[in-house]
Amino acid sequence: MTGTTEKKVILSGIQPTNKLTLGNYLGAIKQWVRIQNDYDAYFMAVDQHAITARQDPAQLRKNTLFSVACYIAAGIDPERCVLFIQSQVHQHSQLAWTLNCFGYMGELSRMIQFKEKSAKSGSNIPVGLFTYPLLMAADILLYDTALVPVGDDQTQHVELTRDIAERMNGIYGPDTFVIPKAHIPKVAARVMDLLTPTSKMSKSAVNENGSIFISDSAADIERKFKRATTDSETVIAFDTENKPGVSNLLSIQSAITSESLEEVIARYEGKQYGHLKLETAQIVIKELIPIQQRAQELVDEKTELNRILKMGAERASEHAERTIKRIHERIGYVVI
Ligand code: AMP
Ligand code: TRP
C-alpha cells in the first residue's frame, strides 16, 4: 500500500498567499531540493489552504504559478518529483471531508495557528480556517507520506494528522493510513525578519522591508539588508538571545554557502556590521536573482510549465485515487 517505489514518501507544500520569501526558500524549498533524490517526493502549491483568508483571484493565480515556477527554478526536478497544484487534484477535498468526520472540535480548537489567525479575523471567522488542519491531514495521508518537511510552526498540524490516522487505523485496521512524521531541517530552520529579528520572516509581514521576497530586485535586496536591525555593539558573533539581528545574517549566509557558522564568523574577524550586511546582501542576490529570472521565464513561456503541472496533477491523482478507493472501501461507501 505504500507508493510505487521502495523509497519513503516525502511531501510538503507552501501556501501561495503573497510572494514567497527568503524564509520559504531557505527553510523549505532549498531543503526539498537537497532531499528530493532520497525519497519518493511530492511537492505542491496549496492554493486551497490560501483561500482560508480572502484572496484576489488574479493575484492568487499569479502567486500560485510563480511559486511552482520557483520550486523548479530552485532545483526541484519535476520529472523525478511529483510537482503539482493542490486544487488540480480533487481527491484532497474528497479525503478532507472524510477526515472532518474523524477530527474533533476539541483538538482543532487547540491549534495555535487557528487561535492566532482567528483572533485577527474579526467576527466572521471562516469555517475553513478551523478545519484547515484536516485538509492538511488529507494532503499528507493521500500519498502514504512517511515524512513531512515543515517549519516548527507546522509540527502541531502534523501531530494532529498522526492522531487522526492512528484513530482511523484503530477503527478500520492498522494499514489504513501510513503514520507520518514531521521532518524539521537543521540549518536555517528559522529566518528572522530583518527589521524585527525576534520574529520570523513572513510573507505577510506588516512592513515589507523586513522580508526578502524571492522576486525582489537586487537593489531592493541590498537596500533591505543595509537597513537590517543589528545591535549597539560592534562584535560579530552568533548569539540569538542578545544579537538576534547579527545572528540572523550569519545564519542566512551559512544556509546559502553551506559553511558552518564558525567559518562564516571567522571571515568577519575585525570587520564591521556594514561589511556583514553588504556581503550577506551580495550572497543572497547571487542566489536569488538567477532563480527569480528562471521562474519568470517559465511563467512567461507557459507551455513547459503547463506540461509539468498537468503531468504532476496526473501522477498525484493516480496515487491519491488508490488511497481514496482504499479508504472508501473501509468506511463502507459503495465503490465501483
Ligand atoms: P509559510 O510561509 O508560513 O506558509 O511557510 C511555508 C514553509 O516555509 C514552512 O513550512 C517553513 O518550512 C518555511 N518557512 C516560512 N517562513 C520561514 C522562515 N522565516 N524561516 C524558515 N522557514 C520558513
Ligand atoms: N499548512 C502548511 C503551512 O501553512 C502548508 C501545508 C498545507 C502543508 N498542506 C501541507 C505542509 C502538507 C506540509 C504538508 O505552512
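Definitions and cut-offs
- Residues numbered from 1 in each chain as written.
- Chains lettered and ligands numbered in written order.
- Predicted model: local features only at pLDDT ≥ 70, side-chain atom pairs only at ≥ 80, totals over all residues.
- Heavy atoms only, no water.
- 1 Å grid on protein atoms, 1.4 Å probe; cavity = no way out; pocket = protein on both sides within 12 Å on 5 of 7 lines; lining within 4 Å.
- Points joined across faces, edges and corners; volume = space filled by probe spheres on them.
- Helix = DSSP H or I, 4+ residues; strand = E, 2+ residues; numbered from the N terminus.
- Near = heavy atom within 4 Å.
- Polar contact = N/O pair within 3.5 Å; in protein donor to acceptor, adjacent residues only side chain to side chain.
- Areas by Shrake-Rupley, 256 points an atom, 1.4 Å probe, with all protein chains shown as cover.
- Buried < 20%, exposed > 50% of the residue type's maximum accessible area, 1.4 Å probe, protein only.
- Contact = heavy atoms within 4.5 Å.
- Axes fitted to C-alpha atoms, helices over the stretch in contact; angles between N-to-C directions.
- Parallel < 35°, antiparallel > 145°, perpendicular 65-115°, else oblique.
- Nonpolar A, V, L, I, M, F, W, Y, C, P; charged D, E, K, R; others polar.

Let us look at empty space enclosed by the protein. Within this structure, the stated rule accounts for one cavity of 30 Å³ or more. Computed from the structure, the largest cavity encloses a volume of approximately 50 Å³. At the level of elements, α6 (112-119) and α7 (127-141) are the ones that each hand at least two residues to the lining of the largest cavity.

Neighbouring ligand 1 are 14 residues; Asn24, Gly151, Val191, Met201 and Lys203 lie closest to it. Within the backbone of Met201, an N or O atom sits 2.9 Å from a nitrogen atom of ligand 1. In this structure, Lys203 approaches ligand 1 through a side-chain N or O atom, which is 2.9 Å from an oxygen atom. Here ligand 1 loses 88% of its free accessible area of 470 Å² to cover by the protein chains. No other element matches helix α1 (residues 22-35), which puts four residues into the shell around ligand 1.

As a matter of local geometry, ligand 2 sits amid 14 residues, with Gln15, Tyr132, Met136, Asp139 and Gln154 nearest to it. Separating a nitrogen atom of ligand 2 from a side-chain N or O atom of Tyr132 is a distance of 2.4 Å. Contact between ligand 2 and Gln154: a nitrogen atom at 3.0 Å from a side-chain N or O atom of the residue. Within the complex, the protein chains bury 90% of what would otherwise be the 370 Å² of accessible surface of ligand 2. Taken together, the elements giving at least two residues each to the shell around ligand 2 come down to β1 (9-14) and α7. With four residues, α7 is the single largest residue contributor to the shell around ligand 2.

What follows deals with the side chain of Thr145. With respect to the helices and strands, the residue Thr145 is situated in the loop between α7 and β4 (147-149). Judged by relative accessible area, Thr145 falls into the buried class, the value being 1%. A polar contact of 2.7 Å, which involves the side chain of Thr145, links it to the backbone oxygen of Ile140. If near-sequence neighbours (up to four positions away) are discounted, Thr145 is found in contact with Val9, Ile10, Leu11, Ile140, Val178, Ile179 and Pro180.

A separate point is the packing of helix α3 (residues 57-74) against helix α13 (residues 303-331). Packed helices, taken two at a time, are described by the angle between their axes plus the distance between the axes. Relative to each other, α3 and α13 sit at 90°, their axes nearing to 11 Å. Looking at the two axes, α3 sits roughly perpendicular to α13. Where α3 abuts α13, its residues Leu65, Val68, Ala69 and Ile72 lie against Leu305, Ile308 and Leu309. Partitioned by chemical class, the residues of the contact of α3 with α13 number seven nonpolar, no polar and no charged.

Summarising the element assignment, Asn248 is placed in helix α10 (residues 244-257). What makes Asn248 buried here is its relative accessible area of 3%. For the pair Asn248 and Arg190, spaced 58 residues apart in the sequence, the C-alpha separation amounts to 8.7 Å.

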